[in-house]
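Coordinates in review
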Amino acid sequence: MYLTRFGSIVYLVHRRDTLRASKIMAERTLSHDKIKPVWDSVVTEVLDVKHDKVTGVQVKNVKTGAETLLDCAGVFVAIGHVPNTQLFKGVLDMDESGYINPLKGIATNVPGVFVAGDCSDRVYRQAVTAAGLGCAAAIEAERYLAARNE
């Protein structure tokens, strides 16, 4: 919801066809005109991170195998209790267990890519921690975008 302040579209890529969030939060999210769900899909590639930016993501539908390119300028990852971060191996700095190592706060080694929640929290791995780190990631993204527009 917070990210809708900064872009015309926020893609919500989800590997299933429904959200596990509370009913009210799911309804609020899915009814927002700027949030576009991409169901039954996973991100397979983040584009242009080697050029210190994000220009899009390659998305694969887990049921049909169809691949789609979504234009975007940022990526936020939130994935369950096991760090499902193999997609970012060799791109984002991570430890031997697959947790992404933030450089400062929640910023990663790739400018404009921030880490929050279960991908970086190897101790608590709980929703409240993920929510707090997600808020921090949103604030850092706001600062990053504001600095780019000066």
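Refer to the structure printed above.
No experiment lies behind these values; they were computed from the predicted model shown. (Residues numbered from 1 in each chain as written. Predicted model: local features only at pLDDT ≥ 70, side-chain atom pairs only at ≥ 80, totals over all residues. Heavy atoms only, no water.)

Looking at the sheet that holds strand S5 (residues 67–71)
The strand order across the open sheet formed by 3 strands is S3-S4-S5, and the pairing between neighbours is antiparallel. The two strands at the open ends of the sheet, each matched to only one other strand, are strand S3 (41–47) and S5. Here the strands of the sheet are splayed against their neighbours by 30° on average, with no regard to which way each runs. Here strand S4 (residues 56–61) runs beside S5; their pairing, made up of 5 bridges, is antiparallel. Paired with Val-59 across the bridge in S5 is Thr-68. (Pairing = 2+ DSSP bridges. Helix = DSSP H or I, 4+ residues; strand = E, 2+ residues; numbered from the N terminus. Axes fitted to C-alpha atoms, helices over the stretch in contact; angles between N-to-C directions.)

Some remarks on the pattern of salt bridges
Tallying each qualifying case throughout the model produces 3 salt bridges. The closest approach of N and O atoms between Lys-63 and Asp-17, which form a salt bridge, is 3.9 Å. Separated by 46 residues along the polypeptide, Lys-63 in the loop between S4 and S5 and Asp-17 in the loop between strand S1 (10–13) and helix H1 (23–31) bring together distant segments of the chain. Taking relative accessible area as the criterion, Lys-63 reaches 59% and is therefore assigned exposed. Residue Lys-63 pairs with Asp-40 through a salt bridge whose shortest N-O separation is 3.7 Å. Placement of Lys-63 in the loop between S4 and S5 and of Asp-40 in the loop between strand S2 (35–38) and S3 is noted, with a sequence separation of 23 residues between them. Assessed through its relative accessible area of 12%, Asp-40 is described here as buried. When salt bridges with common partners are traced through the structure, they connect Asp-17, Asp-40 and Lys-63 into a single cluster. (Salt bridge = Lys/Arg side-chain N within 4 Å of Asp/Glu carboxyl O. Buried < 20%, exposed > 50% of the residue type's maximum accessible area, 1.4 Å probe, protein only.)

Some points on the nonpolar core
Judged by nonpolar contacts, the single largest core of 17 residues is most densely connected at Val-46, Val-54, Val-57, Val-75, Phe-88, Leu-92 and Ile-100. Ignoring anything within four residues of it in the chain, the contact list for Val-57 reads Val-43, Glu-45, Val-46, Leu-47, Thr-68, Leu-69, Leu-70, Cys-72 and Val-75. (Core = buried A, V, L, I, M, F, W, Y, C linked by side-chain atoms within 4.5 Å. Contact = heavy atoms within 4.5 Å.)

Side note on empty space enclosed by the protein
Tallied over the entire structure, the rule returns 1 cavity of 30 Å³ or more. Approximately 50 Å³ is the volume found for the largest cavity. Taken together, Val-75, Val-77, Phe-88, Leu-92, Ile-100, Thr-108, Val-113, Phe-114 and Val-115 make up the full set of residues lining the largest cavity. Among the residues making up the lining of the largest cavity, the classes are represented as 8 nonpolar, 1 polar and no charged. (1 Å grid on protein atoms, 1.4 Å probe; cavity = no way out; pocket = protein on both sides within 12 Å on 5 of 7 lines; lining within 4 Å. Points joined across faces, edges and corners; volume = space filled by probe spheres on them. Nonpolar A, V, L, I, M, F, W, Y, C, P; charged D, E, K, R; others polar.)

Describing the packing of aromatic side chains
Under the criterion given, the structure shown has 3 aromatic pairs. When the centroid spacing of 6.3 Å and the interplanar angle of 20° are considered together, the rings of Phe-76 and Phe-114 count as stacked. With a gap of 38 residues between them, Phe-76 in strand S6 (residues 76–77) and Phe-114 in strand S7 (residues 114–115) connect regions that are remote in the sequence. A relative accessible area of 36% places Phe-76 in the partly exposed class. (Phe/Tyr/Trp six-rings, centres within 6.5 Å; stacked < 30°, edge-to-face > 60°.)

Thoughts on the layout of surface pockets
Taken as a whole, the second largest pocket spans an internal volume of roughly 210 Å³. Glu-45, Val-46, Leu-47, Val-49 and Val-91 are, among the 13 residues lining the second largest pocket, the residues nearest its centre. Of the residues belonging to the lining of the second largest pocket, the class tally is 9 nonpolar, 1 polar and 3 charged.

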